[in-house]
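A look at the structure
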Amino acid sequence: FDEVEEELRAERTKQLLKKYGGVMIAAAILVVAAVGAWQGWGWWQGRRDLGVAGQYLSAMSTADSAGHDKAKQQQALGEFQHVASVAPVGYRTLAQLRAAALLAQDGKPKQAAELWDAVASDGSAQPLLRQLASLLWAQHQIDTADPGVLEGRLKPLTAADNPWHSLAREQMAVLNLRLGKKDAAKTALQQVAGDITAPQGARTRAAALLAQLGG
């Protein structure tokens, strides 16, 4: 009986292989091809990211060495814009922020503001960098933009647990002075001046402005 059962099992296996062997082989080939494609994609991404990192560092070097050289500043701007157009989200965001800074430095606030807006509204960018873009937009529009829009940008950033809170409070103080709200401005400046976590530059500016306002 055992021999008969073994022969029947072998025969069934043979029939199954005849019927589904091609499908099984095709499936195995697909699995191997998928693994190969995934590894190839990872290799390509690695090469791409390495290339983009080199381009970003090159643009940084050009910008840092530009000084007051307009031609070099324009060269650096072009390099950052190129990185922003081809890079994955991380380097793209950093390149956009540096390009915006160069545009503002070159006296082109509108174009700079458009770039900061693009970063601030980019859902794929890191929240910390999106908040920084909003802060920089407000800082460079503080004297001209609609006060309601400015407050809407700055107020969420003034929360104590926000990394940019001291700089946002400084800008809120400037906005309140623009609106004639001297007491609110002094309160914000006192918070910045007494904040040991604030950048030293912000604390110094806040203390100096407080002195001018009579403490």
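The contact between helix H3 (residues 89-105) and helix H5 (residues 127-141) brings their axes to 11 Å, and the two run at 10 degrees. In this view, H3 runs roughly parallel relative to H5, as classed from their interaxial angle. Side by side, H3 and H5 meet where Thr93, Leu94, Leu97 and Ala104 of the first sit next to Leu129, Leu132, Ala133 and His140 of the second.

This structure, assessed with the given rule, holds seven salt bridges. Among the salt bridges present, the one from Asp106 reaches Lys70, with a minimum N-O distance of 3.1 Å. Of this pair, Asp106 sits in the loop between H3 and helix H4 (109-120) while Lys70 sits in helix H2 (residues 70-86), placing them 36 residues apart in sequence. By relative accessible area, Lys70 is classed as partly exposed at 49%. Measuring nitrogen to oxygen at the nearest pair gives 2.8 Å for the salt bridge that ties Arg92 to Asp122. Pair noted here: Arg92 is in helix H3 and Asp122 is in the loop between H4 and H5, with a separation of 30 residues, a long-range link. Note on Arg92: relative accessible area 22%, which makes it partly exposed.

Thresholds applied
Residues numbered from 1 in each chain as written. Predicted model: local features only at pLDDT ≥ 70, side-chain atom pairs only at ≥ 80, totals over all residues. Heavy atoms only, no water. Axes fitted to C-alpha atoms, helices over the stretch in contact; angles between N-to-C directions. Helix = DSSP H or I, 4+ residues; strand = E, 2+ residues; numbered from the N terminus. Parallel < 35°, antiparallel > 145°, perpendicular 65-115°, else oblique. Contact = heavy atoms within 4.5 Å. Salt bridge = Lys/Arg side-chain N within 4 Å of Asp/Glu carboxyl O. Buried < 20%, exposed > 50% of the residue type's maximum accessible area, 1.4 Å probe, protein only.

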